[in-house]
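Examining the three-dimensional arrangement
The primary structure of each chain is shown beneath.
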Amino acid sequence: MKDSQKIIFMARALKLAEKASGKTSPNPMVGAVIVKNGKIVGEGYHKRAGKAHAEIEAIKKAGQNTRGAEMFVNLEPCCHHGKTAPCVDAILLAGIKKVYVGMTDPNKLVYRKGIGVLRKGGVEVEVGILKNKCELLNESFVKFIRTGNPFVIMKSGISLDGKIATNLGESQWITCEKSRKLVHEMRGKVDAILVGSGTVIKDDPKLTVRLNRRGFKNPIRVILDRRSRIAINSKVFENADRNKVIYVTSPKLSKEKEKRLRDIGVDILVLENKRKRIKLETLLKELGKRDIVNVLIEGGSELNASALKENIVDKAILFVAPIIIGGNKAPGFIGGDGTLKLKDVVRLKNIESKKVGDDLMIEGYF
């Protein structure tokens, strides 16, 4: 098969995999395409954790056409028993002669073992078609599997001069409607949103997904409130019995407030170190234990500053509006003390940008 054809079929597998964005956690997004005589005879994708894997879906749709066919899959097929049977067994049984794998699985239970089983069974395997795109699609899963910690995205809407509010604290709305809609789509694709008490007190947000489309879930709301300042009647707690809220606080939380929060379904996590502060790195470890694979920070300038200082952020997404706010007291995107010397500044890499309505969306990695 020509390289150009391999790229086309792997790109199709990636497109299928992306259909389940935000739905497969803590599993990766996987798509599979079965090709025979240059034509697609079966395809599928992993729709949700616990459901059939992409390879199984594709094999079922291909039926008898799997004999002597080739499979394209963006992630190495599994070879261990989890909630479903190993995909490599199904591939061997289906009589597929060659498998093109986009990337190896970083999970130690699978890494190169799935490929080994296939080769031992007489199936030819080629690895690395569109490898970079395959890794990018599952960047959250890769970090989570390797470190046990969630992939962290910092998002903010800012003016041209880097402000997130006016001197009076007005921030709704700096960015355009299209940007705000895209943010809701982002919320629907992550496991959790992280905000500080200041954001909840000032804006009283629900932090839910508000779109007129089905298929998007509400993320877990993770609220940092070391000093227990947030009122019980805040909107973020209204539906805690249906959409999970993790309230992160200190041992100073009163027994009365703790009981009231638990009664309405809030999950309370008490974290504080010897310096009387909540370390975000410790919080990430706790979230990882709860199978939270990725987190979107939608906090204010101080939470953003703390996140950068503790070096927990993997990716930044900024929506830059074509407005200038000005003012010495108007908060900027990053608070704290900032960087004193230019040689020590935080630099983003792999920058990409695109227009979203009147705004400019900038993405980059730390």
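Residues numbered from 1 in each chain as written. Predicted model: local features only at pLDDT ≥ 70, side-chain atom pairs only at ≥ 80, totals over all residues. Heavy atoms only, no water.

**Regarding the overall build of the protein**
A tally of regular secondary structure across the protein gives 11 helices and 14 strands. Taking 2.2 N^0.38 as the reference for a compact globule, 366 residues should give roughly 21 Å; the C-alpha atoms of the protein span a radius of gyration of 23 Å, in line with that estimate. The dimensions of the protein, computed from C-alpha atoms along their principal axes, are 70 × 45 × 45 Å. Charged side chains in the protein number 69 positive and 41 negative. The centres of these two groups are separated by 2 Å. (Helix = DSSP H or I, 4+ residues; strand = E, 2+ residues; numbered from the N terminus. Rg over C-alpha atoms; globule rule 2.2 N^0.38 Å. Lys, Arg positive; Asp, Glu negative; His and termini not counted. Charge placed at Lys NZ, Arg CZ, Asp CG, Glu CD.)

**A few points about the packing of aromatic side chains**
For the coordinates displayed, the defined rule picks out 3 aromatic pairs. Each ring, one from Phe9 and one from Phe72, has its centre 5.3 Å from the other, and the planes form 45°; the classification is tilted. Of the two residues, Phe9 is situated in helix H1 (residues 3-18) and Phe72 in strand E3 (residues 70-75); the sequence distance between them amounts to 63 residues. Taken as a pair, Phe9 and Phe72 share a single burial class, namely buried. (Phe/Tyr/Trp six-rings, centres within 6.5 Å; stacked < 30°, edge-to-face > 60°. Buried < 20%, exposed > 50% of the residue type's maximum accessible area, 1.4 Å probe, protein only.)

**Here's the deal with the nonpolar core**
Counting 40 residues, the largest nonpolar core has Ile34, Ile96 and Val99 as the members making the most contacts within it. Looking at this core, the element that brings in the most residues is H1, giving 6 residues. Sequence-distant contacts of Ile96, defined by excluding residues within four places in its chain, comprise Ile34, Ile59, Thr66, Ala69, Glu70, Met71, Ile91 and Val123. The next biggest cluster of nonpolar side chains, apart from the first, holds 28 residues, and it includes Val152, Ile164, Leu269 and Val313. (Core = buried A, V, L, I, M, F, W, Y, C linked by side-chain atoms within 4.5 Å. Contact = heavy atoms within 4.5 Å.)

**With respect to helix H6 (residues 139-147)**
Residues Glu139, Ser140, Phe141, Val142, Lys143 and Phe144 constitute the buried set of H6. Positive phi shows up at Gly148, right after H6, with a value of about 85°.

**Looking at the environment of Gly121**
With respect to the helices and strands, the residue Gly121 is situated in the loop between helix H4 (113-120) and strand E5 (124-127). Look at Gly121 and you get partly exposed, because its relative accessible area is 47%. Here the alpha-carbon distance between Gly121 and Ile91, two residues 30 residues apart in the chain, equals 9.8 Å.

**A word on the layout of surface pockets**
Space inside the second largest pocket adds up to approximately 1200 Å³. Around the second largest pocket, the lining is made up of 42 residues, and of these Glu18, Leu136, Leu137, Glu139 and Lys315 lie nearest the centre. The element that contributes the greatest number of residues to the lining of the second largest pocket is strand E13 (residues 349-356), accounting for 5 residues. Looking at the lining of the second largest pocket residue by residue, the class counts come to 20 nonpolar, 10 polar and 12 charged. (1 Å grid on protein atoms, 1.4 Å probe; cavity = no way out; pocket = protein on both sides within 12 Å on 5 of 7 lines; lining within 4 Å. Points joined across faces, edges and corners; volume = space filled by probe spheres on them. Nonpolar A, V, L, I, M, F, W, Y, C, P; charged D, E, K, R; others polar.)

**A look at helix H9 (residues 255-263)**
Every buried residue belonging to H9 is among Lys257, Glu258 and Leu261, and all of these are buried. Projection of H9 onto a plane perpendicular to its axis shows the buried side chains occupying an angular sector of 100°, all on one side. Seen from the buried face of H9, the exposed residues on the opposite side, beyond 90 degrees, are Lys255, Glu256, Lys259 and Asp263. Structurally, H9 contributes buried residues whose contacts are with strand E9 (245-249) and strand E10 (267-270). Once H9 ends, the next one or two residues include Gly265, with phi positive near 100°. (Arc of directions from axis to C-beta.)

**Brief notes about the sheet that holds strand E4 (residues 98-103)**
Here we have 5 strands laid out as an open sheet, ordered E2-E1-E3-E4-E5, and mixed in their pairing. Of all the strands in the sheet, just strand E2 (39-45) and E5 have a single pairing partner and so form its edges. Adjacent strand axes in the sheet meet at a mean angle of 20° when their direction is disregarded. Sheet strands in contact with H1 are strand E1 (31-36), E2, E3, E4 and E5, and its direction is about 145° off that of E1. (Pairing = 2+ DSSP bridges. Axes fitted to C-alpha atoms, helices over the stretch in contact; angles between N-to-C directions.)

**Describing the pairing of strand E11 (residues 294-297)**
Burial along E11 is two-sided: Asn294 and Leu296 and Val295 and Ile297, pointing in opposite directions, are all buried. Two strands pair when backbone bridges link them, and strand E6 (residues 151-158) and E11 are joined in this way by 4 bridges, in the parallel orientation. Across the sheet, Phe151 pairs through a bridge with Asn294, a residue of E11. Of the strand pairs in this sheet, strand E7 (residues 192-196) and E11 are connected by 3 bridges, and their pairing is parallel. Bridge pairing links Leu194 to Ile297 in E11.

**Considerations on unusual backbone geometry**
With an omega dihedral of 10°, the bond running from Ser25 to Pro26 counts as a cis peptide bond. Tracing the sequence through the fold places Pro26 in the loop between H1 and E1. With omega at 0°, the peptide bond leading from Gln172 into Trp173 counts as cis. In this structure, Asp291 takes a positive phi of about 60° despite not being glycine. Its place among the elements puts Asp291 in the loop between helix H10 (280-289) and E11. Overall, Asp291 belongs to the partly exposed group, its relative accessible area being 43%. In this structure, Asn311 takes a positive phi of about 60° despite not being glycine.

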